[in-house]
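Analysis of the macromolecular model
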Amino acid sequence: MFEIENLHASIDDKEILAGVDLTVNAGEVHAIMGPNGSGKSTLANVLAGNPAYEVTEGSARFFGADILELAPEERAHLGIFLAFQYPTVIPGVSMANFLRMAVTNTKKARAAQSGGEVVPFTPREFRRLMKEKMALLHMDDSFATRYLNEGFSGGEKKRAEILQLALLEPTLAILDETDSGLDIDALRVVSQGVNNLMNANMGMLLITHYQRLLNYITPHFVHIMMGGRVVQSGGPELAHELESKGYEKLKAEFIAA
Amino acid sequence: MVAQVDIGEYKYGFHDTEDYVYKSEKGLSRKVVENISHMKSEPDWMREFRLKSLDHFEKRPMPNWGSPVLHELDFDDIYYYIKPSDSIGKTWDEVPAYIKDTFEKLGIPEAERKFLAGVGAQYESEVIYHSLREDLEQQGVIFLDMDSAVRDHPDIVKQYFGTIIPYADNKFAALNSATWSGGSFVYVPEGVRVEVPLQAYFRINAENMGQFERTLIIAAPGSYVHYVEGCTAPTYTTDSLHSAVVEIVVQEGARVRYTTIQNWSKNVYNLVTKRAAAYKDATMEWVDGNLGSKVTMKYPAVWMMEPGARGEVLSVAFAGDGQHQDAGAKMVHAAPNTSSQITSKSISKGTGRSSYRGLVKVHKGAENVKSNVVCDALLLDETSKTDTYPYMEIEEERVSIGHEATVSKVAEEQIFYLKSRGLNETEAMSMIVNGFIEPIAKELPLEYAVELNRLIQLEMEGSVG
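Report follows, based on the coordinates. (Residues numbered from 1 in each chain as written. Chains lettered and ligands numbered in written order. Predicted model: local features only at pLDDT ≥ 70, side-chain atom pairs only at ≥ 80, totals over all residues. Heavy atoms only, no water.)

When its secondary structure is counted, chain B shows 12 helices and 24 strands. Against the globule reference of 23 Å for 465 residues, chain B gives a C-alpha radius of gyration of 21 Å, in line with a compact fold. Across its three principal directions, the C-alpha atoms of chain B cover 65 × 55 × 45 Å. Taking all 465 residues of chain B together, 62% fall into the buried category. Contacts spanning at least 24 positions in sequence make up 84% of the contacts within chain B whose residues lie at least 6 apart. Accessible area of chain B: about 17,100 Å², with a carbon and sulfur share of 48%. (Helix = DSSP H or I, 4+ residues; strand = E, 2+ residues; numbered from the N terminus. Rg over C-alpha atoms; globule rule 2.2 N^0.38 Å. Buried < 20%, exposed > 50% of the residue type's maximum accessible area, 1.4 Å probe, protein only. Contact = heavy atoms within 4.5 Å. Areas by Shrake-Rupley, 256 points an atom, 1.4 Å probe, with all protein chains shown as cover.)

Pasting the structure below:
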């Protein structure tokens, strides 16, 4: 479904990704772990089309077609979703208005791709759908009228990202440090939400610094990134190994090898 | 709205073929002013008021502040009076068909049916249509064009006309006082609350037109009225001029809200003086939206004359390519225990420039005054400009004055975030801009909030690539 090959990317002429290779199939959860500065978040941003980064080499094929030349919104329409590590504040725009526009646009674009007709939501239908998804994430109804990420706590921001994931129903979900800033209760709720949303048609990239998220969401594969590349891949046991050894030791082993 | 023009362009730039009862020659002279007065069969006092005003206009120098292109305005190249028809329709069928068509395109009759209590429609220099809901008429509400009011209610007009804004207030107030025609007269009797808005709509049609409407609103004690004005004009390569005077008297315990959605074409100089006097425990609110025009210089004012008076200005300006919106507010605290709030939001794009210009004045002896000013500017790109000119004249110590100003740019990460959720660049920009003005839009009746959002959407389209 999704194949990244030899991906190189830089910011301000400084290379961050130095040849990433990774394949994600439908129904698979891949965890990407690595120390700070290893390029995990850059990978997430490059895949979503953040214009701050320049792709210098390589490809990322989604159902066979390279997405790296596409605008961020085109990638979103294809079904690629990034849950941001630091979601930005948009003052004055209510969650409900934002979500309705995002979902309507995405539905329209996907209908156009498949040649189907799109029936837009009535505001009432959309509200019902939104409330239903919010309940899954234990979000209070008042969230709908709050301005996008304005005054949100760390946990609220992360829940709001997963709410968007739930409404946009992507085929490839990239979660960038969704666990950071969450207390244990919030982590449980968000993880449950993610587990509920995961399905046989979806592929998921879970980017995380710590192993603790993986106690709640069990990955099929774990990859370790260092120096802008995937240096080791394995099953869930790799995360535990990392947890006991720490990045430093692993790094030493990696360099020695 | 009915008109269909390419999206992203000014939607109201069409014009009608002229078929007028009277069109003055170009330029301003004693003869032109006398002729206006004569055609309106005015009483002597008004004729003299006009001529006195003309004298002052001619002597008064142009302001040396505000827009740098103000001096390019050629007063000799303007038509000062155009009378499109002989009568004022009480139904739209009594209005000349082509003018009625224009207002249909602007959506006015439709809005009237849906949510307005009364409508005045001005085309060039004269009001061509006027209506007021019968129940309000029975309660003693007067809503007329200004010319009819001079004729039918001379005592009350004479008592207030030119007292809130004297003809010598500024050069453009003098110009209006000399050449005024049309505009609204509103009188709301004691204790009467007009719960749905009255609307006036101003349309310029001819090239090089000067429109000088004059509005006077009197809210008797304990009354309430919301008056809304909208305006558009055809797009020409030459300049047109709109210079209105609006005077409002808010008596004890009354409340007046005056909402403007200014959407002139980008060849119109919009130089307007608006001022209200608020008496004991009265509230005056100006909601001022400036989207169109080449240059706007407008600073709605509230003079708080007695204790307990309150003034508020919510101002939103959008300066697109080639536009200069020099807008703001004036709050004059002439009595103790009065309070004011100014909230200004401006958006600049391309070669557009928006300036906030505001005055807070507290007279000696006006103790326990509270005033708060918040002005936020949003720049959409690297070329657009914004500046602020906040003036404070505080002659009393026991006061509480606040002032905050911010300038922000649309951040690339905001655009990226919205795009990653499936919005394109224009949609993302529009959403950010609409969010920015949300604190003002939410104060508007739904229909106008929707209109404001739609106009901003149009300004954004075709502008980002």
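Text resumes after the structure shown.
Looking now at the nonpolar core. Of all hydrophobic cores here, the largest spans 175 residues; its most connected members are Phe2(A), Phe103(B), Ile248(B) and Leu418(B). Not counting chain neighbours up to four residues away, the residues in contact with Leu418(B) comprise Ile90(A), Phe98(A), Leu148(A), Leu423(B), Ala428(B), Met431(B) and Ile432(B). Core analysis: the next-biggest nonpolar cluster, separate from the first, contains 24 residues, Phe75(B), Ala174(B), Leu241(B) and Tyr269(B) among them. (Core = buried A, V, L, I, M, F, W, Y, C linked by side-chain atoms within 4.5 Å.)

Okay, the environment of Leu54(B) next. Residues and elements named next belong to chain B. Structurally, the position occupied by Leu-54 is in helix H2 (residues 44-59). Once the C-alpha coordinates of Leu-54 and Ala-174 are considered, the two residues, 120 residues apart in sequence, prove to be 6.5 Å apart. Apart from the residues within four sequence positions on either side, Leu-54 is in contact with Leu-28, Ser-29, Arg-30, Val-33 and Ala-178.

What follows deals with the packing of aromatic side chains. Per the stated rule, a full pass over the model turns up 26 aromatic pairs over all chains. Taken together, the ring pairs connect Trp92(B), Tyr98(B), Phe103(B), Tyr123(B), Tyr129(B) and Tyr201(B) into an aromatic cluster. The ring centre of Phe143(A) lies 5.3 Å from the NZ or CZ of Arg146(A), which sits over that ring. Positioned over the ring face of Tyr417(B) is Arg421(B), at 5.1 Å from the centre of the ring. (Phe/Tyr/Trp six-rings, centres within 6.5 Å; stacked < 30°, edge-to-face > 60°. Lys NZ or Arg CZ within 6 Å of the ring centre and 35° of its normal.)

Quick look at the interface of chain B and chain A now. With 20 residues of chain B in contact, the opposing surface of chain A contributes 32 residues. With both sides pooled, the region where chain B packs onto chain A buries about 2,000 Å², and carbon together with sulfur makes up 65% of that total. For chain B, the biggest contributors to the area lost against chain A are Phe416(B), Tyr417(B) and Arg421(B); these three give 40% of the whole. For the pair chain B and chain A, the number of links is one salt bridge. In this structure, the salt-bridge partner of Arg421(B) is Glu161(A), at a minimum N-O distance of 2.7 Å. Linking chain B with chain A are 12 residue pairs in polar contact (both at pLDDT 80 or more). (Buried area = accessible area lost by both parts, 1.4 Å probe. Salt bridge = Lys/Arg side-chain N within 4 Å of Asp/Glu carboxyl O. Polar contact = N/O pair within 3.5 Å; in protein donor to acceptor, adjacent residues only side chain to side chain.)

A word on the sheet that holds strand S10 (residues 229-234) of chain A. Residue and element names in this part refer to chain A. Here we have six strands laid out as an open sheet, ordered S6-S7-S8-S3-S9-S10, and mixed in their pairing. If you trace the sheet from one side to the other, it starts and ends with strand S6 (80-83) and S10, each paired once. On average, each strand axis in the sheet is inclined to that of its neighbour by 20°, with strand direction left out of account. Of the pairings in the sheet, the one linking strand S7 (residues 172-176) to strand S8 (residues 203-208) comprises five bridges and is parallel in character. (Pairing = 2+ DSSP bridges. Axes fitted to C-alpha atoms, helices over the stretch in contact; angles between N-to-C directions.)

All names here are of chain A. Helix length check: helix H4 (residues 123-136) (14 residues) gives 20 Å between terminal C-alpha atoms against 20 Å at 1.5 Å per residue, within 8%. On its buried face, H4 is in contact with helix H3 (95-114) and helix H5 (154-168). Of the residues flanking the end of H4, it is His-138, one or two places downstream, whose phi is positive at about 55°. (Expected span 1.5 Å × (residues − 1).)

This part takes up the packing of helix H9 (residues 412-419) of chain B against helix H10 (residues 425-436) of chain B. Residues and elements named next belong to chain B. As a packed pair, H9 and H10 sit with axes 9 Å apart at the nearest point and diverge in direction by 120°. As far as their axial angle goes, H10 and H9 are oblique. Between H9 and H10 lies a crossing of right-handed hand. Each of Gln-414, Ile-415, Leu-418 and Lys-419 in H9 lies in contact with H10, whose residues at this interface are Glu-425, Ala-428, Met-429, Met-431 and Ile-432. Along the lines of polarity and charge, the residues of the contact of H9 with H10 split into six nonpolar, one polar and two charged. (Parallel < 35°, antiparallel > 145°, perpendicular 65-115°, else oblique. Left-handed = near helix turned anticlockwise from the far one by under 90°. Nonpolar A, V, L, I, M, F, W, Y, C, P; charged D, E, K, R; others polar.)

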